[in-house]
Amino acid sequence: MLYNEPSPLEVKVVTRRFGKPDSEKIDTYLADEGYEAFKKTLTLTPEAIIDELKASSLRGRGGAGFPTGLKWSFVPRNTGKPAYIICNSDESEPGTCKDRLLMENDPHQLIEGMLIAGWTVRSPAGYIFIRGEYRYLIDIVDRAVAEAYERGFLGKNILGSGWDHDIYTHTGAGAYECGEESALLESLEGKRGIPRLKPPFPAVVGAFQCPTILNNCETFSAIPAIFRQGAEWFASLGPPKNGGTRMMCVSGHVNKPGVYELPLGFPLMRLINEVCGGMRNGKKLKAVIPGGSSSPCLRAEECDIGLDFDSIAKAKSMAGSGGIVVLDEDTDIVGLALRTIKFYQHESCGWCIPCREGTTWLKKILERYHGGGGREKDIDLIHEIAKGMFGRTFCALGDAAAMPTYTFIEKFRDEFEAYLQKSRPKQIPELALL
Amino acid sequence: MTFSPALEERFAKLLTSYPAGRTRSAVVPMLLYAQDELGWVSRELIEEVARRTGVTAVQVDEVIGYYSMLRRHPIGKHLVQVCTNICCMVVGGQDLFEHASKTLGVGHKGTTTDGLFTLEEVECMGACSWAPAIQVGYDFHHQVTPERFDRLIEGLRNAEAETRKV
């Protein structure tokens, strides 16, 4: 099911079957070149598959944007241990709602992408880690997996290749931290989702202490198209080193929020004005959060950029998970900063101190500030605490909390200062998330 | 403990879904699927999951505090979760939560006196482009206005009254 009208400006690669009747069924998939890419890779060596992926310049769609082919090349062979395939569908970064659509509308595309990964490292099994809130998707994906077994794409001696592979779904139970790959692996082992010390990276020591290919749901879903239509074609969709398209999840103050598949490098302002029908109620743009709530915001005048990993990084933010939050001139930045840090404080796993204490103190100070008890020196204090956390935590959650916080201060200091001048605003009710 | 045949089947599958000697992996899914059927995680359930997965009860117990969906107490028949994270907040999610609180007469994690509804303010649920969003049980509702919220609650109340008549 589609939840928003598609845009004529979209370039549909991973979403091309969305909206077709029975798009989640294997017959629909097979009638539309389904599993053809996998059949092609059965004739290729692992090196050839990885070279093709590298040539496609596909980069991880989960947040870090790491080159997928390179990631796969780190998986050691001949260790005597099995290698596992893990799909990260624990989608939880605020602003992001694409994996949900991929599993709901085209689960076979995901399975095919995972099969190609499985075949590359001759893996015995793959797991699709789905956040617990997406229960209805577990049923959809389970049905798709069962269909794939019936047609011989999973199970023993797949298509006569002599290779056996199983795929299972695994549910999370509510924890943002489990989207971090090593915490996800802990969770998969039945433990609290606490990040592991890296290195070793999951490619070498991952699921069940074995070599592992771990990618985001959208990353796996993009792989069949690469082997069907060629790495060169895929790479040419975006700017150099940023191959393909991306599902851009637009939310906030635009007329037509929605998830749109666009080539990497698509101009942000065209996304707002043409794809999303401009700003709501004719308001002016104040800021954009370009890659999920953890990415540093861009002020309106910084938004004249293309939406690819390198251009957004050049603007000192990040493409992250593809969650684009558009904010109009009336947005209360202090309130936004508070709500953002409340989220990260709630989700911090508590394992390492800079994150656990940092998010807690930032929340306390911002809560007081927002509630009308702010002091002038708080502005620098918030900035200093956030800067102090950055780069000093086990996993990226600490950075994810720090980056938006210090950026809000740096880019909207005037708004924080104006808050002090205002009469004490009404005390906001305690968001009793604890 | 005995469960429904469907849940027993799910459990049996879970116990063979992971590599040999890795049944601990089934702990979180078993707890969540069992909670769906029983409503909450009881002491008895913890011990049962521990027994079936071959780990200690404390190893099961320790994950419950970590995962926000697992709960140690029964709740109302319908769990109403309202997202107030930033994408929902900027288009009225916070106001919607306050409205929901007024309509139901309970606060965060409160249960109505008739036991029908438990309200919860939650973090991002993955419906950002169709905000503000709520989940009732596992069902998503997008672009929820206060009026739509009230109609939804009214509908569930009426359905409950009907079943009681029968």
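Here is what the cut-offs are and how they apply
- Residues numbered from 1 in each chain as written.
- Chains lettered and ligands numbered in written order.
- Predicted model: local features only at pLDDT ≥ 70, side-chain atom pairs only at ≥ 80, totals over all residues.
- Heavy atoms only, no water.
- Pairing = 2+ DSSP bridges.
- Helix = DSSP H or I, 4+ residues; strand = E, 2+ residues; numbered from the N terminus.
- Axes fitted to C-alpha atoms, helices over the stretch in contact; angles between N-to-C directions.
- Buried < 20%, exposed > 50% of the residue type's maximum accessible area, 1.4 Å probe, protein only.
- Domains from an automatic or database assignment.
- Contact = heavy atoms within 4.5 Å.
- Salt bridge = Lys/Arg side-chain N within 4 Å of Asp/Glu carboxyl O.
- Nonpolar A, V, L, I, M, F, W, Y, C, P; charged D, E, K, R; others polar.
- Core = buried A, V, L, I, M, F, W, Y, C linked by side-chain atoms within 4.5 Å.
- Polar contact = N/O pair within 3.5 Å; in protein donor to acceptor, adjacent residues only side chain to side chain.
- Buried area = accessible area lost by both parts, 1.4 Å probe.

Here the focus is the sheet that holds strand β4 (residues 139-141) of chain B. Paired through their backbone hydrogen bonds, the strands of a sheet run either parallel or antiparallel. Residues and elements named next belong to chain B. Strand order in the open sheet made by the four strands is β2-β1-β3-β4, with mixed pairing throughout. Every other strand in the sheet has two partners, leaving β2 (117-122) and β4 as the edge strands with one partner each. Each strand of the sheet is rotated relative to its neighbour by a mean of 20°, with strand direction disregarded. Relative to β2, strand β1 (residues 78-83) is paired through six bridges, and the arrangement is parallel.

Looking now at the pairing of strand β4 (residues 212-216) of chain A. Residues and elements named next belong to chain A. Of all five residues making up β4, five are buried, and the element is well covered by its neighbours. Here β4 shows a buried face lined by T212, L214 and N216 and a second buried face lined by I213 and N215. Sheet analysis places strand β1 (residues 84-89) next to β4, joined by five bridges and oriented parallel. In the strand pairing of β4, I85 is matched with I213.

Before going further, it helps to spend a moment on unusual backbone geometry. Residues and elements named next belong to chain A. A cis amide bond, omega -10°, links K198 with the succeeding residue P199. Tracing the sequence through the fold places P199 in the loop between α8 (181-188) and β4. The backbone of N157 shows a phi angle near 45°, a positive value even though the residue is not glycine. Summarising the element assignment, N157 is placed in the loop between α7 (135-150) and β3 (166-171). N157 sits in the partly exposed class, given a relative accessible area of 41%. In this structure, N281 takes a positive phi of about 55° despite not being glycine. Take N281: it is sitting in the loop between α11 (268-275) and β8 (285-289).

All names here are of chain A. Each assigned domain of chain A is listed here: domain 1 (8-236), domain 2 (245-328) and domain 3 (333-432). In this assembly, 13 residues from domain 2 lie in contact with 13 residues from domain 3. There are two salt bridges connecting domain 2 and domain 3. Among the elements of the structure, β8 and β9 (298-299) are those that each provide at least two residues to the side of domain 2 that touches domain 3. With three residues, β8 is the largest single contributor of residues to the side of domain 2 that touches domain 3. Considering only residue class, the side of domain 2 that touches domain 3 consists of seven nonpolar, three polar and three charged.

Annotation of chain B at the domain level lists domain 1 (5-66) and domain 2 (78-165). For domain 1 of chain B versus domain 2 of chain B, the distance between C-alpha centres works out to 29 Å.

Residue and element names in this part refer to chain A. Of all six residues in β3, five are buried, a share of seventy percent or more. Bridge count for strand β2 (residues 125-130) against β3 is six bridges, and the pairing is parallel. If you follow Y127 over to β3, its bridge partner there is Y168.

Let's shift gears to the nonpolar core. The biggest cluster of nonpolar side chains holds 151 residues, and the ones touching the most others in it are W72, F220 and F416 of chain A together with L31 of chain B. Core analysis: the second largest hydrophobic core is formed by 25 residues, C303, I312, A319 and I324 of chain A among them.

Residues and elements named next belong to chain A. Residue position: D308 is located in the loop between β10 (306-307) and α12 (309-314). Of note is the side chain of D308, whose polar atom sits 3.2 Å from the backbone nitrogen of D310. Setting aside chain neighbours within four positions, we find D308 in contact with P239, N242, L264, G265 and A319.

Turning to the pattern of salt bridges, a few remarks are in order. On inspection of all chains with the given rule, the structure shows 45 salt bridges over all chains. For D36 of chain B, the salt bridge goes to R135 of chain A, with nearest N and O atoms at 2.2 Å. Residue D36 of chain B is found in helix α2 (residues 27-38), and its partner R135 of chain A is found in helix α7; the two belong to separate chains. Between D139 of chain A and R10 of chain B there is a salt bridge; the shortest N-O distance is 3.4 Å. Taken as a pair, D139 of chain A in helix α7 and R10 of chain B in helix α1 (residues 5-15) lie in two separate chains rather than in one. With relative accessibility at 26%, the residue R10 of chain B sits in the partly exposed group. Each member of the salt-bridge network shares a partner with another, and the members are R16, R17, K20, D32, E33 and D106 of chain A.

If you look at the interface, chain B gives 46 residues, while chain A gives 67 residues. Of the roughly 4600 Å² buried between chain B and chain A, counting both surfaces, carbon and sulfur atoms make up 57%. The tally of links from chain B across to chain A stands at four salt bridges. The interface formed by chain B and chain A includes 24 residue pairs in polar contact (both at pLDDT 80 or more). When residues of the side of chain B that touches chain A are traced back to their parent elements, those giving at least two are α2, α4 (57-64), α5 (86-89), α6 (93-104) and β2 of chain B. Sort the elements by how many residues they give to the side of chain B that touches chain A and α2 of chain B lands first, with six residues.

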